[in-house]
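Results of the structural survey
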Amino acid sequence: MPTIIALDVSLSMTRPIPNSSTGGTAVVPENTLTYHQVAMQGINSILDYLSKHARLEFVSLIVYSSLYEMVVDFTRDYDTIRAALHKIEHYDKTSLESVLVAVNNAFRTQWGSENYCQLICITDCGVGMGPSSLKNTIINIQNWKAQCGGAGTALPASVVDTNGTTDSGKGGTAPQPPDNLWVGFAYPCKLSFMCLGSLATDSAFRYGTKLYQQLLDVSGQRGQLFFPRVKHDESLDESALGDATSEQASVGCDDAGGTSHQQQQQQQRQIMTRTSVLEMFDAMCDTNYRAFDATLRCGSYFRLEGPIVVWPAPLPYTARDVLGSETTKLMSRHLEVCGFLALADIGSPMSISRHLILPRHATVTSSATDDGTKQGTAKLPGGKNGHQHHPHGSLSTAEERLETDIKAFYGKSESGALSGDHHHHGHHDHADEGATADVNKESVCVLLHGALKVENMAALVLLGDGWYGFIYSYADGKKKSNLMLNVLPPGNDVVPWLGDLRYLGTLEDAFPGENPSFPIKVDKRSYSQNIVVWIRQAGLQSDIQKVLRHAKKLPEKTQHFYKELNRIRRAALSLGFVELLEGLAHIFEREINTLPMSASPDCALQLAHASIELRKQSNRDPKTIIHAVPTQYNQLG
């Protein structure tokens, strides 16, 4: 999930932030920060957050004004970005559309159209001027939507393909937008605007934020505007406000005018501070980079489960049926291992995303007892705090009663140890013991990773209702390997060679005498047949030339001629390449006129018959076969 940080370096970002005002006149001290300096501190806070919570995130830095420049390409070395912040210069006016077009092309070139991107724009919400202004960008998007026939609805970014075209909703293809026009991203992307300014005091900032929000609404882009929390300036005392109010009243203003002036004074007291800006960046990081905490359960025994972190966080999957209705599915917070398969049997099925599975330490909470002291209780997977008891009469089997007794035994022993350490060593010793217990506690991720790596197998995981995935050991380098989650498309029959995943069983489920090998071997493998591959033009030309060579050797090569002809015809119909059939018919008719005098009369007869059969609509079924016409030369009749 790469991240692109776009920093506005227009001249308006060099303005100092007003931190106090008296009588409507701004007083700017020498040590006042500028918008650019606050933006750099915000970028450093983003990098600090990623260094602590998402160290695997790729980050790129782009600066823009009327033009754009990629300062740092995608990297995990955040110190490089920090060093580049001190070398940034300022330029002219703001042009948001230019950087959006540049980001769309650059990300698609390096990461493709299936990866998810986070774009963070840090700006003072300048709207620009002239043809490249934000208002003209919104008008251009609306006009382009009107040309596509969808002016009444927002344009989702998901309908924009890699070529920048969309489905117009009328069964045709929408016109391709110009290269300098941004109509949406060609990949899943979330656009976040970090707005530096005060809505209470800056009218230009309020106007700019409305246009930025309108841009998100018109383009249908997933995104959000973040604002700093405005604080009150305590430097202005009540006497100053009282003098200003009395001065306003002395010039003959009525009560209504005095009230409006007082409200204006109150608005002038609301300022944007460095602390509020950093809090805004922290809120954005918590919203966009929140970890996906889940529980991995392996087997029916209650101890074989543990908390995990799925990174990057899985996105909601939206599926569309043939009628056009959309269904959105969310991954469950409880991942359950259903079984194990060999990696050779799984192969390379189609997947929608891949994620790392990292262990997460369980928290140790403390509850107050009757005597006022705090007693630690470790949260165990068996029930609430590991002490959930059921009457034996409510349990159906003896195995469940035995498992409940084991849960209670381990829960009492661990909670008793924690409480005993607390009474003997105090609160600080209890915290240290809890941290040590988390480190030394067994992890299902470590056990599962070691087993899958040694056995060269993968675990089939249930991600939701009718939604599966595979967990396997993946080595990014030669020294380190991790657990990787491969998410399959929702459905029970998404891997054709495995069949319905709900009906997979173990070797014990096989009938006596049944072949226990998996997958089931067939007598006639598909890959042993002649497969037509037309990736390049030379492959198609060689197949056509082969048919013509057999045609010139008729009637001896009659069977070979029709065998190759039917093979090419089935491949063309399977690919929807029906124009090839008409082209072959023209080639056969031309070959009839160029046959030498020494050629057999059967050549012209068979070529004419083949050209007629290729043009028949009844032969457009791939299952039909074109047979040779019987003649006195080939003795087929």
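It should be emphasised that the depicted structure is a prediction, and the values quoted were computed from it without experimental measurement.

The rules behind the values
Residues numbered from 1 in each chain as written. Predicted model: local features only at pLDDT ≥ 70, side-chain atom pairs only at ≥ 80, totals over all residues. Heavy atoms only, no water. Phe/Tyr/Trp six-rings, centres within 6.5 Å; stacked < 30°, edge-to-face > 60°. Helix = DSSP H or I, 4+ residues; strand = E, 2+ residues; numbered from the N terminus. Lys NZ or Arg CZ within 6 Å of the ring centre and 35° of its normal. Buried < 20%, exposed > 50% of the residue type's maximum accessible area, 1.4 Å probe, protein only. Disulfide = S-S within 2.5 Å. Contact = heavy atoms within 4.5 Å. Pairing = 2+ DSSP bridges. Axes fitted to C-alpha atoms, helices over the stretch in contact; angles between N-to-C directions. Parallel < 35°, antiparallel > 145°, perpendicular 65-115°, else oblique. Left-handed = near helix turned anticlockwise from the far one by under 90°. Nonpolar A, V, L, I, M, F, W, Y, C, P; charged D, E, K, R; others polar.

1. What about the packing of aromatic side chains?
Per the stated rule, a full pass over the model turns up 11 aromatic pairs. Between the aromatic rings of Phe 193 and Tyr 212, the centroid separation amounts to 4.9 Å while the plane-to-plane angle is 80°, which identifies the pairing as edge-to-face. Residue Phe 193 is found in strand β7 (residues 189–195), and its partner Tyr 212 is found in helix α5 (residues 203–219); the two are separated by 19 residues along the sequence. A connected cluster of aromatic rings, assembled from ring pairs, spans Phe 58, Phe 74, Phe 107 and Trp 111. Geometry around Phe 292 places Arg 333 over its ring, the cationic atom sitting 4.1 Å from the centre.

2. Regarding unusual backbone geometry
For residues besides glycine, phi is generally negative; the peptide bonds are generally trans as well. Residues Trp 311 and Pro 312 are joined by a peptide bond in cis, for which omega reads -10°. Note that Pro 312 resides in the loop between β12 (305–311) and β13 (317–320). Look at Cys 125: it is not a glycine, yet its phi comes out positive at around 65°. Relative to the elements of secondary structure, Cys 125 occurs in the loop between β6 (117–123) and α4 (134–148). Owing to a relative accessible area of 3%, Cys 125 belongs among the buried residues under this scheme. Phi is positive for Asn 456, which is not a glycine, with a value near 55°. Looking at where Asn 456 falls in the secondary structure, it is placed in the loop between α11 (444–455) and β19 (457–464). Among the residues examined, Asn 456 registers a relative accessible area of 49% and is labelled partly exposed.

3. Topic: the state of the cysteines
Using the criterion set out here, one finds zero disulfides in the structure. Cysteine Cys 189 remains unbridged, with the sulfur of Cys 117 as its closest cysteine sulfur at 4.3 Å.

4. Some details on the environment of Pro 314
Topologically, Pro 314 is positioned in the loop between β12 and β13. Taking the C-alpha atoms as reference points, Pro 314 and Leu 330, separated by 16 residues in sequence, lie 8.3 Å from one another. Those residues in contact with Pro 314 that lie beyond four places of it in its chain are Phe 292, Met 331 and His 355.

5. A look at the sheet that holds strand β5 (residues 68–75)
Pairing is mixed across the open sheet formed by six strands, whose spatial order is β5-β4-β1-β6-β7-β8. At either end of the open sheet lies a strand with only one pairing partner, and these are β5 and β8 (222–226). The mean angle between the axes of side-by-side strands here comes to 15°, regardless of whether they run parallel or antiparallel. Where strand β1 (residues 3–8) and β6 come together, five bridges link them in parallel fashion. The partner of Leu 7 across the bridge, within β6, is Ile 122. Against the sheet, helix α2 (residues 78–85) touches β4 (59–64) and β5, its axis set at about 155° to β5.

6. Concerning the sheet that holds β19
Strand pairing in a sheet takes place through backbone hydrogen bonds and is either antiparallel or parallel in direction. Strand order in the closed barrel made by the seven strands is β11-β12-β16-β21-β20-β19-β15, with mixed pairing throughout. Taking the axes of each pair of neighbouring strands and ignoring which way they run, one obtains an average angle of 40° across the sheet. Pairing between strand β16 (residues 353–359) and strand β21 (residues 481–487): five bridges, direction antiparallel. From the neighbouring strand, Leu 356 faces β21, where its bridge partner is Met 484. Sitting on the sheet, α11 is in contact with β11 (292–298), β12, β15 (334–342), β16, β19, β20 (467–475) and β21, with an inclination near 90° to β21.

7. Re the packing of helix α13 (residues 558–575) against helix α15 (residues 601–615)
Where α13 contacts α15, the axes come no closer than 12 Å and their chain directions differ by 20°. As summarised for this structure, α13 and α15 are arranged roughly parallel, according to the angle between their axes. Handedness of the crossing formed by α13 with α15: right-handed. Residues Thr 558, Phe 561, Tyr 562, Leu 565 and Arg 569 of α13 form the contact with α15, whose own contacting residues are Asp 602, Gln 606, Leu 607, His 609, Ala 610 and Leu 614. Within the contact of α13 with α15, the residues separate by chemical class into six nonpolar, three polar and two charged.

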